[in-house]
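# Reading the structure
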Amino acid sequence: MEQRSKATIPYLMDKKRTGKKITMLTAYDYSMAFIMDQAGIDTILVGDSLGMVVLGYNSTVPVTMEEMIHHCKAVRRGTEYAFLIGDMPFMSYQTSVEEAVRNAGRFLKEAGCDAVKLEGGQEMAETVAAMVRIGIPVVGHIGLTPQTATSLGGFKVQGKDLTSAQKQLDSARALDQAGTCMLVLECVPDKLAKKITESVRMPTIGIGAGVDCDGQVLVSNDLLGLFKKFTPKFVKKYADLFPSIDEAFRTYIEEVAAGTFPAVEHTFVMKEHDLEGLK
Ligand code: KIV
């Protein structure tokens, strides 16, 4: 059997070059990261979707640097092979290039991430270039960018007409030039995603962007059927864990109430006479 080694940028670039698909999933804690890492995932993203699927916020906007670093550290401890990406939260990279670089550095220094991800197109190229220049690998994210969904008019597919398609393609090219090592394409029509994928050196990772991207990403809570609030069209549920977990919790509550748990096999049984002489 071939020895598995840690995924690196050259490994991911090689996958694009040879037409092998790159796999990415989100993780937010040690246990999930461990399972997907051992299952063979190429890259793990600690997405700021953390805010919605783990922390219970209504959007990704309130997520802080401290929350991201905390969860990235947990995921790092469960990850041996996958390339680990930390998602920069809203307002951690928009105010100045200097602040963006300092915050990006924290993901590498404090949390042990291999790269950071940030949302935005052409307007982020200067920030990306500054990070790349000092050795911080950056993943871009264009199309639907949830941190600024309000100014995009909501959670909508991006690049549907010629003008907005050109804007997405120009952004992809600008980020590629600036040195991003991968590019997430979220909610982009399939033909545009294909054109972008063919036009850039870096691998593209699609989420709601069709099958022609160099790889795919899903929010793992969606894939596992754990997030009930809404399910976007692009999600495929590979498991439906919500009902199984619900059932397990309900049975536990019933058994504790009825005194049928713990049973003898869950108990450290002691003989009556072992306690003789206990005062
Ligand atoms: O935050 C996140 O999970 C993401 C993915 C949807 C790409 O950005």
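Everything below is about the structure shown above.
In this report, the structure presented in the accompanying data block is examined. A quick note: this is a predicted structure, and the numbers were derived from the prediction, not measured.

Thresholds, definitions, all that
- Residues numbered from 1 in each chain as written.
- Predicted model: local features only at pLDDT ≥ 70, side-chain atom pairs only at ≥ 80, totals over all residues.
- Heavy atoms only, no water.
- 1 Å grid on protein atoms, 1.4 Å probe; cavity = no way out; pocket = protein on both sides within 12 Å on 5 of 7 lines; lining within 4 Å.
- Points joined across faces, edges and corners; volume = space filled by probe spheres on them.
- Helix = DSSP H or I, 4+ residues; strand = E, 2+ residues; numbered from the N terminus.
- Nonpolar A, V, L, I, M, F, W, Y, C, P; charged D, E, K, R; others polar.
- Phe/Tyr/Trp six-rings, centres within 6.5 Å; stacked < 30°, edge-to-face > 60°.
- Buried < 20%, exposed > 50% of the residue type's maximum accessible area, 1.4 Å probe, protein only.
- Lys NZ or Arg CZ within 6 Å of the ring centre and 35° of its normal.

All right, on to the layout of surface pockets then. Gaps left between atoms show up when a probe the size of a water molecule is rolled over them. Approximately 960 Å³ is the volume attributed to the largest pocket. Lining the largest pocket are 47 residues, with Glu-186, Ile-207, Leu-218, Val-219 and Phe-234 sitting closest to its centre. Looking at the lining of the largest pocket element by element, the count peaks at five residues for strand E1 (residues 22-26). Taken together, the residues that form the lining of the largest pocket break down as 27 nonpolar, 10 polar and 10 charged. Lining the second largest pocket we find 19 residues, and of these Gly-120, Gly-121, Glu-123, Thr-145 and Lys-167 sit closest to its centre. Every element with two or more residues in the lining of the second largest pocket is listed here: strand E5 (138-143) and helix H7 (162-178). If one sorts the elements of the lining of the second largest pocket by residue count, H7 sits on top with four residues.

This structure, assessed with the given rule, holds three aromatic pairs. Residues Tyr-30 and Phe-34 carry aromatic rings whose centres are separated by 6.1 Å and whose planes lie at 25° to one another, so their mutual orientation is stacked. You can see Tyr-30 and its partner Phe-34 sitting in helix H2 (residues 30-39), four residues apart, about one turn around the helix. Owing to a relative accessible area of 41%, Tyr-30 belongs among the partly exposed residues under this scheme. Judged by its relative accessible area of 38%, Phe-34 falls in the partly exposed class. It is Lys-228 that lies over the ring of Phe-242; its NZ or CZ is 4.7 Å from the centre.

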